[in-house]
Amino acid sequence: RRGWMASSMREAVSEALFFLSTAALGYAVVRGVRLVAALRARAALPRRERVYRSRHFDSSVWDEFEPRADDVFIVTSYKAGSTWVQQILSTLILASEEPLETISETSPWLDASATAAEKQALMAKLHAQAHRRFIKSHLPADAIPFYPQAKYIYVGRDGRDIFISMCHHFERATDAWYDHVDAQMNTAMNTEGPGGSRHGEEHGRMPRWVPGETSPASLFSEWLTKGAEAHPWETDGWPFWSVFTSVASWWRWRRLPNLLLVHHAALVDDLPGQMRRIAAFLQIPIDEDRFPDQVRRCTYAYMKAHAKRLAGAPPLGPWPHVGDEPATAEVFINQGVNGRWKEVLSPEQVRQYEAVAREKLGEECARWLATGELPADLN
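Residues numbered from 1 in each chain as written. Predicted model: local features only at pLDDT ≥ 70, side-chain atom pairs only at ≥ 80, totals over all residues. Heavy atoms only, no water.

## Thoughts on the overall build of the protein chain
To be explicit about the condition: Strands are runs of DSSP state E lasting at least two residues, helices are runs of H or I lasting at least four, and both sets are numbered from the N terminus onward. Categorising residues by exposure relies on relative accessible area from a 1.4 Å probe, with only protein chains included: less than 20% of the type maximum marks a residue as buried, more than 50% marks it as exposed, and the intermediate range marks it as partly exposed. We call two residues contacting when some pair of their heavy atoms lies within 4.5 Å. Residue burial considers only the protein chains on display, and all accessible areas are found by Shrake-Rupley using a 1.4 Å probe.
Looking only at helices and strands, one finds 15 helices and four strands in the protein chain. Put simply, the protein chain has 379 residues, and 50% of those count as buried. Contacts in the protein chain between residues far apart in sequence, at least 24 positions, make up 77% of those at least 6 positions apart. Summing over all exposed atoms, the protein chain offers an accessible surface of approximately 18,800 Å²; the carbon and sulfur share of this is 56%.

Right, dumping it as structure tokens:
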């Protein structure tokens, strides 16, 4: 009997050990599966891999930024309609009344090149905002943090229209405006960055528009094939930064649930419909009684009439102007129309642009950038 009991105990201990080892193995497998899933999920999100430090950018400011779960980020290259979308978000989020501040104050360009004091003041201002924040960035997806809980709206526009709008801004700038830009940017460029690095890699003055010599046609080739010296991985966009790098970086993540693609042409064609689409993405209910007035405040006619409140004083100094005309924010809020490049660019320049766009973006993305037509699963 004693032998039977000892044998039974050995069997019980053996079964217990087998159960524990199986449970431990199962737990390890589950943990391993979860770890792999987490790593895959992390790999399926944009990662911050590039540093932008130039006369235009300082991406290190994101190191100091404290995100909120309901933050909205408006991202774009430039001259694509970011101010328009900022105004749309202002009317949807701050629905009760017009903000007392300018759009650039309520919804700042976070990663613009700035001094340490200016960055500190900006962070304090954002920290104090009690409303849902909507913040602008001009950086590609691989140069800013990506917060899965936040919302991102990428604003696209035909690159040729972006180019023409950029030329409009250049053409109306005065020497005093350019000198102010140089002085302002040189101050920021000479500030120390992480590890003692400085902005000074990029030298020289901002290129000038010379009446009688400079024209959109003469600038086009450089804009299409030359990048900024401070961004050696970019090969277009001079004298600003790359349009194609920006578009391609965000298009790659177009199916993420917290990223919405908005096109300038769609805003022109159907402003109320696009405002509803943006509101749905941000889970903002539409008040049908107030919606017509919200749309009215987002039309180009309204924005042009209220340009000073929308644009205010730019971060780069006095607004440019022509001849004896007074400085005006209307230079910044221009026409908002598309297709003007057809009157400026030659057939060969158009072919050149389309070839470069297809090469750098792929057929599907190049088609969206040119037309605003999204694949059916993204509408």
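## A short note on helix 4 (residues 116-128)
Note the cut-off: Working rule for helices: expected span equals 1.5 Å times residues minus one. The arc refers to the directions leading from the helix axis to the C-beta atoms.
The first and last C-alpha atoms of helix 4 sit 19 Å apart over 13 residues, in line with the 18 Å expected at 1.5 Å per residue. Every buried residue of helix 4 is accounted for by K119, L122, M123 and L126. Projected down its long axis, helix 4 shows its buried positions confined to an angular sector of 95°, all on one face. Away from the buried face of helix 4 by more than 90 degrees, exposed residues A117, Q120 and A128 are located. Contacts made by the buried residues of helix 4 are with strand 2 (134-137).

## Description of the packing of helix 14 (residues 347-361) against helix 15 (residues 363-371)
Here is the rule we go by: Structural elements are reduced to axes, namely lines fitted to C-alpha atoms, with helices fitted over the stretch in contact, and the angle between N-to-C directions of any two is expressed from 0 to 180 degrees. Here the angle decides the label: under 35 degrees means roughly parallel, over 145 means roughly antiparallel, 65 to 115 means roughly perpendicular, and every other value means oblique. Each crossing is labelled by how the near helix is turned from the far one, with a counterclockwise turn of less than a right angle marking it left-handed and a clockwise turn marking it right-handed. Lys, Arg, Asp and Glu make up the charged group, whereas Ala, Val, Leu, Ile, Met, Phe, Trp, Tyr, Cys and Pro make up the nonpolar group; the residues left over, Gly among them, are polar.
With their axes 7 Å apart at the nearest point, helix 14 and helix 15 run at an angle of 130° to one another. As the angle between them shows, helix 14 and helix 15 are arranged oblique. Crossing handedness for the pair helix 14 and helix 15: right-handed. Residues Y353, A357, R358 and L361 of helix 14 lie in contact with helix 15, whose contacting residues are E363, C365, A366 and L369. Per-class residue counts for the contact of helix 14 with helix 15 are six nonpolar, no polar and two charged.

## Some remarks on helix 14
Relative to the 21 Å expected for 15 residues at 1.5 Å per residue, helix 14 spans 21 Å between its end C-alpha atoms, a close match to the ideal helical length. In the core, the buried residues of helix 14 are packed alongside helix 5 (159-171), helix 7 (216-225), helix 8 (243-251) and helix 15. Residue G362 follows helix 14 closely and has a positive phi angle near 85°.

## Looking at the packing of aromatic side chains
The condition that has to hold: Side-chain rings of Phe, Tyr and Trp (the six-membered ring for Trp) are treated as a pair once their centres are within 6.5 Å; stacked means planes under 30 degrees apart, edge-to-face means over 60, and tilted covers the remaining angles. Each ring is checked for a lysine NZ or an arginine CZ that lies within 6 Å of its centre and within 35 degrees of its normal; such an atom marks a charge sitting over the ring.
All chains considered together, the criterion is met by 23 aromatic pairs. Between Y78 and W241, the aromatic rings sit 5.0 Å apart at their centres with planes inclined by 75°, giving edge-to-face as the arrangement. Of the two residues, Y78 is situated in the loop between strand 1 (72-76) and helix 2 (82-93) and W241 in the loop between helix 7 and helix 8; the sequence distance between them amounts to 163 residues. An aromatic cluster of three or more residues is present, and its members are W62, F65, F73, F146, Y147, Y152, Y154 and W250. Sitting over the face of the ring of F281, K151 holds its NZ or CZ atom 4.8 Å from the ring centroid. Here R160 stacks its cationic end above the ring of W341, 3.9 Å away from the centre of that ring.

## Details of the pairing of strand 1
To be explicit about the condition: Strands qualify as paired when DSSP identifies two bridges or more between them.
In terms of residue burial, strand 1 counts as a mostly covered element, since five of its five residues are buried. Neither face of strand 1 is exposed, since V72, I74 and T76 on one face and F73 and V75 on the opposite face are all buried. Here strand 1 runs beside strand 2; their pairing, made up of four bridges, is parallel. Bridging across to strand 2, F73 finds its partner in I135. Where strand 1 and strand 3 (residues 151-156) come together, five bridges link them in parallel fashion. Following the sheet pairing, V72 is matched in strand 3 by K151.

## Examining the environment of M303
With respect to the helices and strands, the residue M303 is situated in helix 12 (residues 300-305). Overall, the relative accessible area of 1% leaves M303 in the buried class. Once the C-alpha coordinates of M303 and W84 are considered, the two residues, 219 residues apart in sequence, prove to be 8.3 Å apart.

In short, the description is geometric, and any link to function would need to be established separately.
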